[in-house]
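Notes for the structure review
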Amino acid sequence: MDSNPNEHSTNPLPSSNQLYRPYLPRHERRTSRRSRGGSSYSYNSDPHSQIQRIQFGDIKHSQPLFRDIEWTVKEGERWAVVDGGGGGEKNVLFNTLLGRYRISPHPPPPGGLFPFLTLAGRDPYSDISIVSFGHRSQGGGGGEFYDYSARYGAVQEQDRLTLRQSLFPETIPPPSHLSTNDTNEQLINIPKKEKDEENALFKHLITKMGLESFLDLPMIALSNGQTRRARIIKAILRNPSLLLLDEPLTGLDATTRPLLLSTLRELHDRKSPRVILGLRAQDEVPEWVHGLVYLYSGTAIVGGRDSVLREVEKRLRSSEERTTTTTTTNTLNAEQDPLPSPQLGELLIDMKNIRVQYKDRKVLDGLSWQIKQGERWHLIGENGSGKTTLLSLITGDHPQSYTQTRYAAPSSESSTSTPTTSHLNLFSRPRSRLPTTLLRSAISTFSPELFDAFPRRANMSVWDVVGTGFDGDFVPKGKKGVGSGVGMKVDIGEGVAKGRGEGGCEGAMEGQDEWKEEEQWRVERVWEVLEALGPEAWSGSEDSRRKSTSTSAIPAPGPSPLTKEFAKTSFPSLPISQQRIVLLMRALVGRAPLILLDEVWSGMDERMVRAARGYLRGDLTSGGGGGVGPHQAVVVITHWEEEVPWSRDEDPGVFKRFKLSGGKGFEQTNQTDVLAAPDLPSVVQGMRQICAIASTLLGSAVLSDGVLPSSTSSTAAAAASSPTTTSSTSSALSNVLSSREAVGMYYLTTYMMAVLVVVGASQVLY
Ligand SMILES: Nc1ncnc2c1ncn2[C@@H]1O[C@H](COP(=O)(O)OP(=O)(O)OP(=O)(O)O)[C@@H](O)[C@H]1O
């Protein structure tokens, strides 16, 4: 296999100018070639490049964290590092480049690990920067919970730092004891030319990233995506020689991603700064990347982009084949015990004409949305469109959640109740009449904010963390670490508290008669979730492999030893990806009536994502049960359609999408989805209009309220894309046509073919 990144003809690289020019003693080089073994992958087809064979590890670890990595980066090459195995391997590699882990044997002087810096007399470790989004950014390592809802209220003095001030500390007003003429800018005394260049770059970046209008907002007020863009700009403005950018695409909306990628490419090619990208296994690798380091189970596949991707796919395919036995076994179970499908029920959340405003900045402006039991929503919207704000109203964290009820002017005819012009009703009650403790147990959440804020106390085990999910606590409570109950039930009309419990009495509190039954249910439920989403599902350990290849359809009673061990593990000691899946378990354990999952997959490895998706969907292939009951409602917030565990095509009545834009929200059907698609060529637009008209004229009989019955929709779509019934152009077009338009296309094509047949026949006859 050719894995030399120089295979890309677009990049004629100078072979002598290397970023990494690691040097190995002769005997090492010989050994490294001979004893490479099957576990590592390397390239060395360029005679000028030198081999680096490194093992690196934390001084605390007797075993190296990685072995046999050979990686040379030359000036001009564009590289990305992909975390294929999870467990934070990419983080370890980046930290090694930053000098935080030891390399053995260390590349000796004079070049060292970064000859392009060392030989130029620069200190690598002060000239390389990292911006990481895959890892915990705030809250430090301490055990305290910090208030992640602070941004919604009045901004505190310590949080007043604006985006501009954060980028240019010299613009921070001087302390009061200095004279106002004595600005920091003058004190710092930046040369004018450099300043002009910096300003030009700043303007370019801030415009391209769409942050001009946020410059004078406090940093704390920026949305997740806006903050990420700002952090990247800040790192670029520091002008390091090399910027390690870890998971920059996570949390960015679909419009911003290509803009950021093209900017990074531009900067890298100008060497100001050079960039190495860190990507998740599920991220698409940009076309312009030449070389990939794909980290996997303590080693790496290193080489050209395409060849590494081919190799990874080959390995994945063979590992999937190995697990076929499990799938077959579990499918048998599925046939015996089908999981009930979602059942639509009572209204859980009812928002009408919601408004959220900060001074003259309107974030939500007349938004209405209803969420019912059993529904599965995908909440979507560009960065800054108000998704987090909306969720904070639902969870009651936002102070403006109390002030959403407005009444119509009383009419002259007296009536017993005045209708509202706007309201926020949570579980049939205005937010102000719902105690926060009850709300916390009725709505469970996973979000980047919660992940950052969740306390990491050294003595907190995985069990403790999962157990806090029942009552929405942040510290373990109760004798068995499964909470102590909130003593109330959330009222969901007819379906009181349906969707949770299933054997427990969730209104009970410690000390009450029903508590024993509730506690017993909670303990069993923690084991159930730990077994389904714990290491058995993703670790690939010998134990779990033995279990997964077992042909017995009868699961062994009780949790496995691996699960028991995991339950006892200290939560803060886990790698980030495992902390994330534990917090997902926390969100699912209590069977709360409403579950909010915001950017849930970021930082998890592929096997975890697969296990969690299966569990949420209720596929019996992943742990033998459904993560979400038929009466529970779920909202998934993500910028990536493919991250949603369900598809609207499965059942449009249950699986829905709500889009935020311009302060408003609207439900997107398949139809509006396509109509909203940007930059379609006008010919396609024209075709679509014709098809829609044809659909209305010729096929309106099959339409009901403009929404197709699913069987009709799929038949029509299939017919529209079938090469036997349409031309190749219309077949390609069917990819961008809505169901209704596809029906139109079908009728139009049939109609035109009929006309052709008639015309043809008449030619023959006459
Ligand atoms: N205290 C505040 N003052 C002014 N504007 C604010 C404040 N808090 C939030 N905003 C603005 O509200 C808008 C919505 O923010 P929100 O976090 O809800 O967006 P989002 O849709 O979740 O974005 P993302 O996809 O980036 O996470 C943003 O433009 C943000 O700058």
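Quantities reported herein were computed from a predicted structural model and do not represent experimental measurements. (Residues numbered from 1 in each chain as written. Predicted model: local features only at pLDDT ≥ 70, side-chain atom pairs only at ≥ 80, totals over all residues.)

1. Some details on the overall build of the protein
If you tally the helices and strands in the protein, you get 26 helices and 20 strands. Relative to all contacts within the protein whose residues are 6 or more apart in sequence, the contacts with residues 24 or more apart total 73%. (Helix = DSSP H or I, 4+ residues; strand = E, 2+ residues; numbered from the N terminus. Contact = placed C-beta atoms within 7 Å.)

2. Section: helix α9 (residues 256-269)
Count 3.6 residues to each turn of an α-helix, and residues three or four apart come out pointing the same way. If you check α9, its first and last C-alpha atoms are 20 Å apart, about what 14 residues at 1.5 Å a residue would give, namely 20 Å. Those residues of α9 that sit buried are T256, L264 and H268. For α9, the buried positions fall inside an angular range of 100° around the axis, keeping them on one side. Taken from the residues just after α9, K271 is the one with a positive phi, measuring 60°. (Expected span 1.5 Å × (residues − 1). Buried ≥ 20, exposed ≤ 12 C-beta atoms within 10 Å, placed from the backbone. Arc of directions from axis to C-beta.)

3. Some words on the site of the ligand
Around the ligand there are 21 residues in total, and A221, S223, N224, G225 and T388 lie nearest to it. A class-by-class count of the residues in the shell around the ligand yields seven nonpolar, eleven polar and three charged. Counting contributing residues, the shell around the ligand receives three or more from each of domain 1 (5-138 + 218-319) and domain 3 (347-407 + 418-668). (Near = placed C-beta within 6 Å. Nonpolar A, V, L, I, M, F, W, Y, C, P; charged D, E, K, R; others polar. Domains from an automatic or database assignment.)

4. Focus: the sheet that holds strand β18 (residues 633-637)
Judged by pairing direction, the sheet is mixed, and its six strands sit side by side in the order β16-β17-β18-β12-β19-β20 without closing on themselves. In the strand order of this sheet, the two ends are held by β16 (443-446) and β20 (664-668), each with one partner. Taking the axes of each pair of neighbouring strands and ignoring which way they run, one obtains an average angle of 20° across the sheet. Contacting β16 and β17 (594-598), helix α20 (residues 576-589) runs over the sheet at an angle of about 165° to β16. (Pairing = 2+ DSSP bridges. Axes fitted to C-alpha atoms, helices over the stretch in contact; angles between N-to-C directions.)

5. Considerations on the pairing of strand β14 (residues 420-426)
The sheet contact formed by strand β10 (residues 347-358) and β14 spans four bridges and is antiparallel. Pairing of D350 across the sheet is with N425, part of β14. Relative to β14, strand β13 (residues 406-407) runs antiparallel, the two sharing two bridges. Residue pairing across strands places Y407 opposite T420, the latter belonging to β14. As defined by bridge partners, β14 adjoins strand β15 (residues 429-430) across two bridges and the pair is classed as antiparallel. Bridging across to β15, L426 finds its partner in R429. The antiparallel hairpin formed by β14 and β15 contains two residues in its connecting segment, where F427 sits at a positive phi of about 50°.

6. What to know about the nonpolar core
Within soluble globular proteins, side chains that are nonpolar generally end up buried alongside one another. Counting residues in hydrophobic clusters, the biggest one holds 78 residues, and the most contacted among them are V466, L533, L584, M585 and L594. Per element, the largest residue contribution to this core is eight residues, and it comes from α20. Residues in contact with L594, not counting those within four places in the same chain, are L348, I349, I371, A442, I443 and A633. Residues L167, L205, F214 and I236 belong to the second largest nonpolar core, which totals 47 residues. (Core = buried A, V, L, I, M, F, W, Y, C linked by C-beta atoms within 7 Å.)

7. Brief notes about the environment of L261
Residue position: L261 is located in helix α9. Exposure remark for L261: the 19 C-beta atoms within 10 Å place this residue in the partly exposed category. Along the primary structure L261 and L277 are separated by 16 residues, whereas in three dimensions their C-alpha atoms are 9.8 Å apart.

8. Some words on unusual backbone geometry
The linkage connecting S272 with the following residue, P273, adopts the cis geometry, with an omega of -5°. Checked against the element boundaries, P273 lands in the loop between α9 and β7 (274-280). The backbone phi angle of E247 is positive, close to 55°, even though this residue is not glycine. Here E247 shows up in the loop between β6 (242-246) and α9. Residue E247 is classed as buried on the basis of its C-beta count, with 23 C-beta atoms lying within 10 Å.

9. Topic: helix α12 (residues 387-394)
When you tally the buried positions in α12, you get eight out of eight residues, the bulk of the element. Inspection of α12 places K387, T388, T389, L390, L391, S392, L393 and I394 among the buried residues, and these make up the whole buried set. Taken from the residues just after α12, G396 is the one with a positive phi, measuring 80°.

10. What to know about the environment of R164
Relative to the helices and strands, R164 is located in helix α5 (residues 163-167). Look at R164 and you get partly exposed, because 17 C-beta atoms sit within 10 Å. Put simply, R164 and R607 are 443 residues apart on the chain and 41 Å apart in space, counted from C-alpha to C-alpha. If sequence neighbours within four positions are ignored, R164 has contacts with T171, L215 and D216.

11. Describing the confidence of the model for the protein
Across the protein, the average pLDDT comes to 73, with 64% of residues at or above 70. This model gives residues 495-499 a pLDDT under 50, and the stretch forms 19 contacts once residues within four places in sequence are excluded. (pLDDT = per-residue confidence, 0-100.)

12. Points about the sheet that holds strand β5 (residues 128-132)
The six strands are arranged β5-β6-β7-β3-β8-β9 in an open sheet whose pairing can be described as mixed. Only two strands of the sheet have a single neighbouring strand rather than two, namely β5 and β9 (299-304). Averaged over all neighbouring strand pairs, the angle between strand axes comes to 15°, with direction disregarded. For strand β3 (residues 79-83) and strand β8 (residues 291-296), the ladder comprises five bridges, and the chain directions are parallel. Its bridge partner lying in β8, D83 is registered against L295. Here helix α8 (residues 224-237) sits on the sheet in contact with β5 and β6, set at roughly 180° to β5.

13. Examining the pairing of β18
Note on strand geometry: in a regular strand, side chains alternate between the two faces of the sheet. Where burial is concerned, most of β18 is hidden: five out of the five residues are buried. Burial along β18 is two-sided: A633, V635 and I637 and V634 and V636, pointing in opposite directions, are all buried. Pairing of β17 with β18 involves five bridges; the strand directions are parallel. Looking at the pairing, D598 lines up with I637 of β18.

14. Focus on the packing of helix α16 (residues 515-533) against α20
Packing of α16 against α20 brings their axes to within 10 Å, and their N-to-C directions diverge by 140°. One finds that α16 runs oblique with respect to α20. α20 is crossed by α16, and the crossing has right-handed handedness. When α16 is examined against α20, the residues R525, V526, V529, L530 and L533 are found in contact with a partner set consisting of I581, L584, M585, L588 and V589. Residues belonging to the contact of α16 with α20 are distributed by class as follows: nine nonpolar, no polar and one charged. (Parallel < 35°, antiparallel > 145°, perpendicular 65-115°, else oblique. Left-handed = near helix turned anticlockwise from the far one by under 90°.)

15. Considering the environment of G618
Mapped onto the secondary structure, G618 falls in the loop between α21 (606-617) and β18. Judged by local crowding, G618 falls into the buried class, with 21 C-beta atoms found within 10 Å. Along the backbone, G618 and V628 are ten residues apart, and their C-alpha atoms lie at a distance of 7.1 Å.

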